[in-house]
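These are the residues of each chain, in order.
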Amino acid sequence: MTKNERFGFLSSVPGLITVIALMAYPVIYNFYTSFLRYDNVRTVKFIGFNNYKWFFSNSDSFISLKVSFIYSFGATTLAFLLALILAHSLNKIQKNSGLLRTLVILPWVAPLVISGLMWRWMLDKDLGIINYFFLTFGIISKNLAFLSSTEYAMLSGIVTTAWCYIPFLMVLVLAGLESIPKELYEASQIDGANRIQNFWHVSVKLNKSQMLVSYLIVLMFTFRTPDTFVSLTGGGPAKSTYHVGIYLMDTIYRYLNFGHAAAISMVMLLICLGLALPGLYYGIIRRQ
């Protein structure tokens, strides 16, 4: 380890200790609570794995996990593909690039709950502007109930969340693209590569680690965060958008069962770790 690397490591230790301390206590206490009968009705009692048995025997658990996986992978993949196109386009634009980047980042400024409320109005069956445009251009023959139909509610949530996360992903991908030397693009063009080959073999392959990390970050965010569905549908209709985060909120605030809620949150934590660790290992650590 060089002198500069040692200095950088030592400088990061205080912040690292603070972060670990702030995270460790809630996680440890939550893990402990998940083994308790803690429902504000009976006395608190250690019951072992009963809360986890309850979770895996409850149909709502599997419904919420299924919804969360479909929503997370759908929204993250859609946002990533659009962000990749935007980042590659902005990387090539020189004139007014600062203004364009600022405009693209604007959706990221609004919290997910606010964005959800805005899209809720836009997707409204009777007053929404989306139905108005679809009718005007002849795409549909009658207004669609985007939020009250089990057929379109999930898709509406995916599109809304993707719109919110495109700027975040675009910034991360663009940072990786800008780190690629321009000479590599020129060399590939001299070798006869067309634009698609240039994009795939230079932009994508030399930026895989950055893309993987950004994809995993948003994937974990969307899996644990139900803000969009809270604003759009509240988990309905017929639990077609019953995100595991809404399931956790209902268990805490509606049923006041903290033991069950702790078990749900520990399962969410393990799933998030499961989503992140293999990708980080095979995409970054093993590659290096």
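The shown structure was predicted, so the numbers you read here are calculated from the model rather than taken from an experiment. (Residues numbered from 1 in each chain as written. Predicted model: local features only at pLDDT ≥ 70, side-chain atom pairs only at ≥ 80, totals over all residues. Heavy atoms only, no water.)

**Student:** It is not clear to me how the overall build of the chain should be interpreted in this structure. Could you clarify?
**Tutor:** Tallying secondary structure elements over the chain gives 13 helices and 2 strands in all. Counting every position in the chain, which comprises 288 residues, the buried fraction comes to 42%. Partitioning the intrachain contacts of the chain with sequence separation of at least 6 by distance along the chain shows that 68% fall at a separation of at least 24. As displayed, the chain offers around 16,900 Å² of accessible surface, 68% of which is attributable to carbon and sulfur atoms. Side chains of the chain carry 22 positive and 12 negative charges; the gap between the two charge centres is 6 Å. (Helix = DSSP H or I, 4+ residues; strand = E, 2+ residues; numbered from the N terminus. Buried < 20%, exposed > 50% of the residue type's maximum accessible area, 1.4 Å probe, protein only. Contact = heavy atoms within 4.5 Å. Areas by Shrake-Rupley, 256 points an atom, 1.4 Å probe, with all protein chains shown as cover. Lys, Arg positive; Asp, Glu negative; His and termini not counted. Charge placed at Lys NZ, Arg CZ, Asp CG, Glu CD.)

**Student:** Honestly, the layout of surface pockets in this entry has me stumped. Any pointers?
**Tutor:** It is a probe the size of a water molecule, rolled over the atoms, that shows where empty space is left. Looking at the largest pocket, its volume works out to about 290 Å³. If you tally residues by element for the lining of the largest pocket, the top one is helix α13 (residues 258-285), at 4 residues. Partitioned by chemical class, the residues of the lining of the largest pocket number 6 nonpolar, 1 polar and 1 charged. Along its surface, the second largest pocket is lined by Trp119, Leu123, Ile130, Phe134, Leu144, Phe146, Tyr152, Leu155, Ser156, Val159 and Thr160. Among the secondary structure elements, those contributing two or more residues to the lining of the second largest pocket are α6 (129-136) and α7 (153-178). (1 Å grid on protein atoms, 1.4 Å probe; cavity = no way out; pocket = protein on both sides within 12 Å on 5 of 7 lines; lining within 4 Å. Points joined across faces, edges and corners; volume = space filled by probe spheres on them. Nonpolar A, V, L, I, M, F, W, Y, C, P; charged D, E, K, R; others polar.)

**Student:** Quick question: what am I supposed to make of unusual backbone geometry here?
**Tutor:** Trans is the common state for peptide bonds, and a negative phi is the common state for residues other than glycine. The residue after glycine 236, namely proline 237, is reached through a cis peptide bond having omega -5 degrees. Turning to its location among the elements, proline 237 is positioned in the loop between α11 (227-232) and α12 (244-254). Residue asparagine 40 is not a glycine yet carries a positive backbone phi of 60 degrees. Within the element layout of this structure, asparagine 40 appears in the loop between β1 (36-37) and β2 (45-46). Located in the positive-phi region is lysine 239, a residue other than glycine, with phi close to 60 degrees. Mapped onto the elements, lysine 239 comes out in the loop between α11 and α12. Under the relative-accessibility criterion, lysine 239 is labelled partly exposed at 34%.

**Student:** What is the right way to look at the pattern of salt bridges in this model?
**Tutor:** One side chain can pair with another of opposite charge once the charged atoms of both are near each other. Tallied over the entire structure, the rule returns 2 salt bridges. Across the pair aspartate 39 and arginine 42 runs a salt bridge whose closest N-O atoms are separated by 2.8 Å. Between aspartate 60 and lysine 239 there is a salt bridge, with the nearest N and O atoms lying 2.9 Å from each other. Of the two residues, aspartate 60 is situated in helix α3 (residues 59-92) and lysine 239 in the loop between α11 and α12; the sequence distance between them amounts to 179 residues. What makes aspartate 60 buried here is its relative accessible area of 18%. (Salt bridge = Lys/Arg side-chain N within 4 Å of Asp/Glu carboxyl O.)

**Student:** Mind showing me how you'd approach the side chain of threonine 160 here?
**Tutor:** Its location among the elements puts threonine 160 in helix α7. For threonine 160, a relative accessible area of 0% corresponds to the buried category. Reaching out from threonine 160, the side chain makes a polar contact with the backbone oxygen of serine 156 at a distance of 2.8 Å. In this structure, threonine 160 is in contact with Ser115, Gly116, Trp119, Leu123, Thr228 and Leu232, ignoring residues within four places of it in sequence. (Polar contact = N/O pair within 3.5 Å; in protein donor to acceptor, adjacent residues only side chain to side chain.)

**Student:** How do you make sense of the packing of aromatic side chains when you look at a structure like this?
**Tutor:** The geometry of an aromatic ring pair comes down to the distance between the two centres and the angle between the two planes. The final tally for this structure, using the stated rule, is 24 aromatic pairs. Each ring, one from tryptophan 54 and one from tyrosine 247, has its centre 6.1 Å from the other, and the planes form 25 degrees; the classification is stacked. Residue tryptophan 54 is found in helix α2 (residues 50-57), and its partner tyrosine 247 is found in helix α12; the two are separated by 193 residues along the sequence. Taking the relative accessible area as the measure of exposure, tryptophan 54 reaches 22% and is therefore partly exposed. The exposure class assigned to tyrosine 247 is buried, which follows from its relative accessible area of 3%. Judged by centre distance (6.4 Å) and plane angle (40 degrees), the ring pair of phenylalanine 168 and phenylalanine 221 falls under tilted. Taken together, the positions of phenylalanine 168 in helix α7 and phenylalanine 221 in helix α10 (residues 208-224) put the pair 53 residues apart, joining distant regions of the chain. Using a relative accessible area of 14% as the deciding quantity, one classes phenylalanine 168 as buried. Cluster of aromatic residues (ring-pair linked, three or more members): Phe31, Phe35, Phe46, Phe49 and Tyr52. A cation over an aromatic ring shows up here: lysine 239 above the ring of tyrosine 242, its NZ or CZ 5.0 Å from the ring centre. (Phe/Tyr/Trp six-rings, centres within 6.5 Å; stacked < 30°, edge-to-face > 60°. Lys NZ or Arg CZ within 6 Å of the ring centre and 35° of its normal.)

**Student:** I keep staring at the environment of asparagine 143 and nothing clicks. Help me out?
**Tutor:** Mapped onto the elements of the fold, asparagine 143 is located in the loop between α6 and α7. Along the primary structure asparagine 143 and isoleucine 158 are separated by 15 residues, whereas in three dimensions their C-alpha atoms are 20 Å apart. With residues up to four places along the chain from it excluded, the contact list for asparagine 143 reads Lys125, Asp126, Asn131 and Leu135. Reaching out from asparagine 143, the side chain makes a polar contact with the backbone oxygen of lysine 125 at a distance of 2.8 Å.

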